[in-house]
Amino acid sequence: QVQLVESGGGLVQAGGSLRLSCAASGRTFSGYAMGWFRQAPGKERELVAGISESGRYTYYDDSVKGRFTISRDNAKNTVYLQMDSLKSEDTAVYYCAASGMPSTVPRSASGYDYWGQGTQVTVSS
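Residues numbered from 1 in each chain as written. Predicted model: local features only at pLDDT ≥ 70, side-chain atom pairs only at ≥ 80, totals over all residues. Heavy atoms only, no water.

Chemist: What exactly am I supposed to notice about the side chain of Arg 72 here?
Modeler: Examined against the element boundaries, Arg 72 turns out to sit in strand β7 (residues 68-73). Salt bridges are absent for the buried Arg 72, whose nearest opposite-charge side chain, Glu 53, sits at 7.3 Å. From its side chain, Arg 72 meets the backbone oxygen of Tyr 32 in a polar contact 2.8 Å long. At a separation of 2.8 Å, a polar atom in the side chain of Arg 72 contacts the side chain of Asn 74. Setting aside chain neighbours within four positions, we find Arg 72 in contact with Phe 29, Ser 30, Tyr 32, Ala 33, Met 34, Ile 51, Ser 52, Glu 53, Gly 55, Thr 78 and Val 79. (Helix = DSSP H or I, 4+ residues; strand = E, 2+ residues; numbered from the N terminus. Buried < 20%, exposed > 50% of the residue type's maximum accessible area, 1.4 Å probe, protein only. Lys, Arg positive; Asp, Glu negative; His and termini not counted. Salt bridge = Lys/Arg side-chain N within 4 Å of Asp/Glu carboxyl O. Polar contact = N/O pair within 3.5 Å; in protein donor to acceptor, adjacent residues only side chain to side chain. Contact = heavy atoms within 4.5 Å.)

See the structure below:
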């Protein structure tokens, strides 16, 4: 019902910036909360940031607050993750995900119904 494709990952030096994009197709994009997850080798997949279907509510993990910004453009069916002041600890595969739960941003992966393929972010130091 929903297809998600991430882009924008790559190699960046510590202190640099990247912007990830997630393009959605299928069901009406505006009807889904969106989340960005990341998974580093040997670690659990964790929610980095989320945004409600309206865009009025956002969530950030404490590790990225003040550095990352999630946004969405429903007219373009796209959600973004602007990543600034990147650290080596941010190195991971980043996934976008869509949740059909209304008016909330689920904290766990089980709350999301659709997933992108992931994009690698590598921060060197």
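Chemist: Can you walk me through the sheet that holds strand β1 (residues 2-7) in this structure?
Modeler: The strands making up a sheet are joined through hydrogen bonds of the backbone, oriented either antiparallel or parallel. Taken in spatial order, the four strands of this open sheet run β1-β3-β8-β7, and their pairing is antiparallel. At either margin of the open sheet sits one strand with a lone partner, and together these are β1 and β7. Within this sheet the neighbouring strands show an average axis-to-axis angle of 15°, counted without direction. Here six bridges tie β7 to strand β8 (residues 78-83), and the two strands are oriented antiparallel to one another. Along β8, the bridge assignment pairs Ser 71 with Tyr 80. (Pairing = 2+ DSSP bridges. Axes fitted to C-alpha atoms, helices over the stretch in contact; angles between N-to-C directions.)

Chemist: Before we go on, may I ask you to explain the pattern of salt bridges in this structure?
Modeler: Opposite charge on two side chains makes pairing possible when the charged atoms of those side chains draw close. Taken as a whole, this structure holds four salt bridges when the rule is applied. Among the salt bridges present, the one from Lys 65 reaches Asp 62, with a minimum N-O distance of 3.3 Å. Given a relative accessible area of 62%, Asp 62 falls into the exposed group. Within the structure, one salt-bridge network assembled from shared partners comprises Arg 38, Glu 46, Arg 67 and Asp 90.

Chemist: Could you clarify how one ought to interpret unusual backbone geometry in this entry?
Modeler: Glycine aside, a negative phi is what most residues show, and trans is what most peptide bonds show. Phi is positive for Asn 77, which is not a glycine, with a value near 55°. Within the secondary structure, Asn 77 is located in the loop between β7 and β8. The partly exposed category is assigned to Asn 77, whose relative accessible area is 31%. If you check the backbone angles, Ser 85 has positive phi at about 50° while not being a glycine. With respect to the helices and strands, Ser 85 occurs in the loop between β8 and β9 (92-99). When its relative accessible area of 40% is taken as the criterion, Ser 85 is described as partly exposed.

Chemist: Sorry, what's going on with the environment of Glu 53 here?
Modeler: Its place among the elements puts Glu 53 in the loop between β5 (46-51) and β6 (58-60). The class of Glu 53 is partly exposed, set by a relative accessible area of 23%. Spatially, the C-alpha atom of Glu 53 lies 18 Å from that of Ser 110, the residues being 57 residues apart in sequence. When neighbours within four sequence positions are excluded, Glu 53 is seen to be in contact with Ser 30, Gly 31, Tyr 32, Ala 33, Arg 72, Asn 74, Met 101, Pro 102 and Ser 103.

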